Amino acid sequence: MKKEIMKHNWDFTLYEENEKKILNVAFYNSYFDFTREFKLEKDELNYDFEKLKELAEDIRNNYEKYKDREIND
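Since the model is a prediction, treat every value here as computed from it, not as a measurement. (Residues numbered from 1 in each chain as written. Predicted model: local features only at pLDDT ≥ 70, side-chain atom pairs only at ≥ 80, totals over all residues. Heavy atoms only, no water.)

### Observations regarding helix α1 (residues 49–61)
- An ideal rise of 1.5 Å per residue puts 18 Å on 13 residues; α1 measures up with 19 Å between its terminal C-alpha atoms.
- For α1, every residue scored as buried is listed here: Leu52, Leu55, Ala56, Ile59 and Arg60. The buried residues of α1 occupy an angular sector of 135° when projected down its axis, which confines them to one face.
- Among the structural elements, β1 (3–8), β2 (12–17), β3 (20–28), β4 (33–39) and α2 (63–66) are those in contact with the buried residues of α1. (Helix = DSSP H or I, 4+ residues; strand = E, 2+ residues; numbered from the N terminus. Expected span 1.5 Å × (residues − 1). Buried < 20%, exposed > 50% of the residue type's maximum accessible area, 1.4 Å probe, protein only. Arc of directions from axis to C-beta. Contact = heavy atoms within 4.5 Å.)

### Here's the deal with the packing of aromatic side chains
- The full count for this structure, using the stated rule, is 6 aromatic pairs.
- Seen in terms of ring centroids, phenylalanine 38 and tyrosine 63 are 6.3 Å apart; in terms of plane orientation they differ by 75°. Their pairing is edge-to-face. Here the residue phenylalanine 38 occupies a position in strand β4, and tyrosine 63 occupies one in helix α2, the gap between them amounting to 25 residues.
- Given a relative accessible area of 1%, phenylalanine 38 falls into the buried group. (Phe/Tyr/Trp six-rings, centres within 6.5 Å; stacked < 30°, edge-to-face > 60°.)

If you want it as structure tokens, here you go:
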């Protein structure tokens with residue numbers, strides 16, 4: 001079961017599920033808004049609110065760099 005840990009509206013939501021941390025990132029384009037989920041790794045597991053905001057922005061701007069960690073359920 002997913003447990004919400006932290007949220008920044010219209011930006012990201014951090015969840016914990018099965019001892020893994022998952023960052024749900026909001027994406028925007030001209031037609032609609034959507035979200036994608038990414039597994040956090042290593043030092044990201046201890047990021048504070050500000051660092052998670054930076055990470056969410058980096059994921060939006062550099063999707064290809066994080067694509068291999070995207071969760072597609």
